[in-house]
Amino acid sequence: MNFPLLAFQNVSAANPWTYLVFGLIGFAFGFTLEMSGFGNSRKLAAQFYFTELTVLKVMFTAVITAMVLTFGAISLGLLDYSQVWVNPTYLWSGILGGLIMGVGFIVGGFCPTTSLASASTGKIDGMMFMLGGFVGAFLFGETEQYFTDWYNNAGYFGRVTLMDVFGLPTGIVVLMVVFMALFMFWGSEQLERIIGKKDMSREPKLRLYGVGAIIVLALAVVAIGMPSTEQKYENATILRTIPELQADGTVKDLQVTYTAEEALEQRLIQITPEELFKARYDQGIILILLDVRSEADYNLFHLRGALNIPAEQLKSRIPDLLAVAAPNAVYVVMGNDESLATQAWRLLTAESVPNVYILEGGVNHWITVFGHTDPEIKPVSSGLDDQLKFLFPAALGDRYECSDPDPIENEHIEFVPKIQLQLKRDKSSGGCG
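Residues numbered from 1 in each chain as written. Predicted model: local features only at pLDDT ≥ 70, side-chain atom pairs only at ≥ 80, totals over all residues. Heavy atoms only, no water.

> Would you mind showing me how to read the confidence of the model for the protein chain here?
For any part of a model where pLDDT is low, the fine detail of the predicted coordinates should not be relied upon. On average, residues of the protein chain score 86 in pLDDT, and 92% of them are at 70 or above. Within the model, the stretch residues 425-430 combines pLDDT values under 50 with 13 contacts to residues more than four positions away or in other chains. (pLDDT = per-residue confidence, 0-100. Contact = heavy atoms within 4.5 Å.)

> What is the right way to read the pairing of strand 9 (residues 356-359) from this model?
Regular strands place side chains that alternate from one sheet face to the opposite one. Side chains of strand 9 alternate between two faces, with Val356 and Ile358 and Tyr357 and Leu359 buried alike. Direction of pairing for strand 5 (residues 270-271) relative to strand 9: parallel, over a ladder of two bridges. By the bridge assignment, Gln270 is partnered in strand 9 with Ile358. Judged from the three bridges that link them, strand 8 (residues 329-334) and strand 9 form a sheet pairing that is parallel. Bridge assignment links Val332 to a residue of strand 9, and that residue is Tyr357. (Buried < 20%, exposed > 50% of the residue type's maximum accessible area, 1.4 Å probe, protein only. Helix = DSSP H or I, 4+ residues; strand = E, 2+ residues; numbered from the N terminus. Pairing = 2+ DSSP bridges.)

> What am I meant to see in the side chain of Glu274 here?
Tracing the chain through its elements places Glu274 in helix 13 (residues 273-279). Buried within the structure, Glu274 lacks any salt-bridge partner; its nearest side chain of opposite charge belongs to Lys418, at an N-O separation of 10 Å. Residues contacting Glu274, with those up to four places away along its chain left out, are Val369, Phe370, Ile413, Glu414 and Phe415. (Lys, Arg positive; Asp, Glu negative; His and termini not counted. Salt bridge = Lys/Arg side-chain N within 4 Å of Asp/Glu carboxyl O.)

> Can you walk me through the sheet that holds strand 8 in this structure?
Hydrogen bonds between backbone atoms are what pair the strands of a sheet, whose relative direction is either parallel or antiparallel. Strand order in this open sheet of five strands is 5-9-8-6-7, and the pairing throughout is parallel. Only two strands of the sheet have a single neighbouring strand rather than two, namely strand 5 and strand 7 (307-308).

> How should the pattern of salt bridges be read in this particular structure?
A side chain with one charge can pair with a side chain of the opposite charge if their charged atoms come near. Tallied over the full model, the rule gives 13 salt bridges. Glu351 is paired through a salt bridge with Lys232; the nearest N and O atoms lie 2.8 Å apart. Note that Glu351 is positioned in the loop between helix 16 (339-350) and strand 9 and Lys232 in helix 11 (residues 229-235), a separation of 119 residues in sequence. The buried category is assigned to Glu351, whose relative accessible area is 9%. Assessed through its relative accessible area of 24%, Lys232 is described here as partly exposed. Two residues, Asp398 and Arg304, come together in a salt bridge whose shortest N-O distance is 3.8 Å.

Encoded structure:
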């Protein structure tokens, strides 16, 4: 995941504490690896012979500790889970890569990170393994073009978690993983005792307190539960740059933070059809149009390039939207009017999808602005909320002229711009510990 403290996200000379904090984290990580014996290839390789399973116990301890603390922070509202980077699942390439790495681990006695820890203490085998890693990375880079389609597409499931797979509440999954890890700790010690002839009576008893603390924290996550969408929406904020006229006649940009509901009520995020039209030709943004109407209305008429995600399906598609890596992605949700789109906007904002806007007046307003000269589209009166207020001769979708207006004819349209990018940091994933 990305570093969760905003004060340390911007690495620059103006923020020297960043280097200190990151340096301390790196030192602590390397120190922990060395103190755990992970700089010793014999100790690492012994896990595959079931005589020394320290690697399994240390790694699972790190996993469940990080998991319990992370979801504990999420349940208390201190951390936004949607902003935690979850590696996308590439099933078949992941299986093949795991097999290759596993064989390399057995033969070489290291994984990439432990080889760095070993090399830093002057061990020749660690240095040779690290050199082999560089050679392997070079060969991969030179041959990647021949199989890139396969490993990017075969078995790709996107952001998938155990909660998604089993359909269980987060707290229950956390508790299950903790008990699974504890069972593996017990099983690994039995293997060490039987196969490795290890004297388990000399193991420190302090670990029992750690086990108890982990179980208590996991039970707390179950009891507190995860924040609801409504709770997350209440805490959501929108940052806007507002020009303000100064006493000396100059204009200064001020950064103003609004609650999500304030931004909605003050109509800071409802953009006109004219602005949306111009945004389609803005090379500085990646525009994603989300049509949250029913499939029937979408088939009758929709803006060219719009994705149809009916409102009831939108929540399940949020992980896919969050997976868009581009920091300049702008989402515009639209219904026939604004009510359905507003509900969708609240949901997306609560789940921390950045740069979301509402098409002012919805598709009806778009047609009013750009389709008033189309003789095939006839207006009708409708007192119903979020209903199409036009009749169409056939369900032609985006084949009506006004679904993609002529940019030359509308070159000089005017509007008050509202789109402002709230840049999302690029996500990065880590490697083996």
